[in-house]
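Spelled out, the chains give:
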Amino acid sequence: MVEIGISTFVETTPDAQTGEVISHAQRLREVVEEIILADQVGLDVFGVGEHHREDFAASSPAMVLAAAAPQTKRIRLTSAVTVLSSADPVRVFQDFATLDAISNGRAEIMAGRGSFIESFPLFGYDLNDYDELFEEKLELLLKIRSSEKVTWRGKHRPAIQNLGIYPRPVQDPLPVWIGSGGNTQSVIRAGLLGLPLVLAIIGGRPVQFAPLVELYKRAAIQAGHDPRKLSVASHSHGFVDWNTEAAADKFFPPTQQVMNVLGRERGWGHYDRSSFDAARSFEGALYVGDPETVAAKIIHLRKQVGVTRFMLHVPVGTMPHDQVMQAIRLLGSEVAPRVREEVAKWEATQ
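Predicted model, so just to flag it, every value in this text is computed and none were measured.

### Some details on the nonpolar core
One broad trend across soluble globular proteins is that nonpolar side chains are buried collectively.
Now for step 1: Leu43, Phe46, Phe251, Ile328 and Val339 are the most contacted members of the largest nonpolar core, which has 99 residues in total.
Now for step 2: The greatest single-element share of this core, amounting to 10 residues, is contributed by helix 11 (residues 321-348).
Now for step 3: Within the second largest apolar cluster, eight residues are counted, among which are Ala80, Val81, Val198 and Met311.

### Here's the deal with the packing of aromatic side chains
Now for step 1: Enumeration over the complete set of coordinates arrives at seven aromatic pairs.
Now for step 2: Between the aromatic rings of Phe251 and Phe276, the centroid separation amounts to 6.4 Å while the plane-to-plane angle is 40 degrees, which identifies the pairing as tilted. Placement of Phe251 in helix 8 (residues 244-266) and of Phe276 in helix 9 (residues 273-279) is noted, with a sequence separation of 25 residues between them. The same class applies to Phe251 as to Phe276, namely buried.
Now for step 3: Ring pairs connect the aromatic residues Phe239, Phe251, Phe252 and Phe276, which therefore count as one cluster.
Now for step 4: The ring of Phe116 is capped by Arg266, whose NZ or CZ atom sits 4.5 Å from the centre of that ring.

### Focus: the environment of Arg29
Now for step 1: The topology assignment puts Arg29 in helix 1 (residues 24-40).
Now for step 2: Relative accessible area serves as the criterion here: at 54%, Arg29 is assigned to the exposed category.
Now for step 3: Once the C-alpha coordinates of Arg29 and Ala67 are considered, the two residues, 38 residues apart in sequence, prove to be 9.1 Å apart.

### Brief notes about the pairing of strand 8 (residues 176-180)
Now for step 1: By the criterion of burial, strand 8 is predominantly enclosed, with five of the five residues buried.
Now for step 2: Of the two faces of strand 8, the one holding Val176, Ile178 and Ser180 and the one holding Trp177 and Gly179 are both buried throughout.
Now for step 3: Across three bridges, strand 8 lies against strand 9 (residues 197-200) in parallel orientation. Counterpart to Ile178 in the pairing with strand 9 is Leu197.
Now for step 4: For the handedness criterion, the β-α-β arrangement of strand 8, helix 6 (residues 184-193) and strand 9 is classed as right-handed.

### Notes on the pattern of salt bridges
Now for step 1: The tally for this structure, following the rule as stated, stands at 24 salt bridges.
Now for step 2: Its salt-bridge partner being Arg53, residue Asp55 comes within 2.7 Å of it at the nearest N-O pair.
Now for step 3: Relative accessible area serves as the criterion here: at 14%, Arg53 is assigned to the buried category.
Now for step 4: Among the charged side chains, a network of salt bridges with common partners joins Glu245, Asp249, Arg273, Asp277 and Arg280.

### Section: unusual backbone geometry
Now for step 1: Each neighbour pair has its own omega, and for Tyr166 with Pro167 the value is 0 degrees, a cis peptide bond.
Now for step 2: Between Val314 and Pro315 the backbone carries a cis peptide bond, its omega angle lying at 0 degrees.
Now for step 3: Residue placement: Pro315 occurs in the loop between strand 12 (309-313) and helix 11.
Now for step 4: You will see that Val10, though not glycine, has its phi angle at about 55 degrees, which is positive.
Now for step 5: Position of Val10 relative to the elements: it lies in the loop between strand 1 (3-8) and helix 1.
Now for step 6: Residue Val10 is classed as buried on the basis of its relative accessible area, which comes to 0%.
Now for step 7: A positive phi angle, close to 60 degrees, is found at Asn104, a residue other than glycine.

### Notes on the environment of Ala278
Now for step 1: Its location among the elements puts Ala278 in helix 9.
Now for step 2: Residue Ala278 is classed as partly exposed on the basis of its relative accessible area of 48%.
Now for step 3: Counting along the chain gives 72 residues from Ala278 to Gln350, while the straight-line C-alpha distance between them is 32 Å.

Reading the values: rules and limits
- Residues numbered from 1 in each chain as written.
- Predicted model: local features only at pLDDT ≥ 70, side-chain atom pairs only at ≥ 80, totals over all residues.
- Heavy atoms only, no water.
- Core = buried A, V, L, I, M, F, W, Y, C linked by side-chain atoms within 4.5 Å.
- Buried < 20%, exposed > 50% of the residue type's maximum accessible area, 1.4 Å probe, protein only.
- Helix = DSSP H or I, 4+ residues; strand = E, 2+ residues; numbered from the N terminus.
- Phe/Tyr/Trp six-rings, centres within 6.5 Å; stacked < 30°, edge-to-face > 60°.
- Lys NZ or Arg CZ within 6 Å of the ring centre and 35° of its normal.
- Pairing = 2+ DSSP bridges.
- Right-handed = clockwise from strand over helix to strand, strands pointing away.
- Salt bridge = Lys/Arg side-chain N within 4 Å of Asp/Glu carboxyl O.

Here is the structure:
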């Protein structure tokens, strides 16, 4: 089995060609249309990331997903990620339980520590507590998930003494995934807790993540969980068009712009077309091309790394809305059927 979907950070970066900046309001309305289309073309999941900076419009993924929920029928709706370290787990649970009710049982939380740090000073948290915050808040979130009334005490949030937390979700339990950039401790933590894992595979060779998946499964077995019941997802940059070179030519300019802005912030080297083209090779981490090319790479990822969910992150940077809609349409109508058919055949032989 393999689920296929989309993730987005709802970018409002300057257009790489014109320099024009789309308003937050317009981009948020566009992403609701993208979620509705993803449902219509048969995709399995749509994820919206949380950020607190000018070039990303979605500071509240649950709100964005709730806007699309009544207009969709079967697609699962998840954060990608919720920055749990700087959030209140009570409020996170309430928001996603509300989304679960509106969508009739299709909400998920993808909890992560966050690779962007703007939310920490915004909500009054110290980056020196980065790891401790996540561990404590994840513990509370899981406690709320398992019990209607909660008693809890920690270091970074006021204690809760036998208080009810509502609404309760349709799903019991409400799915909570752990998002990881490939940190071994986060992978082990997810396995020990028996929680599904999402790996951000956005660089290098995806096959290099296979040992992390094995580590995750070993940790799950050690803690008494059945690894066959645990899901592993990939969040990977990419773009689908009818023609591979056209796809690359459309996707490169906004990708380059974003990667170089982030690169200046984080000390990365300059991102150029040769880096981009190397990453879209068969063994690379970019899923850019025509439906056959993208499908072949997803099938390879399923077989070699063991992912059971693939999320194509599109766009990276600002792209015309019609191009993003076309990529979603092709992923659902052309790529997903190829992948599902081939993976089903392969799994039948395992």
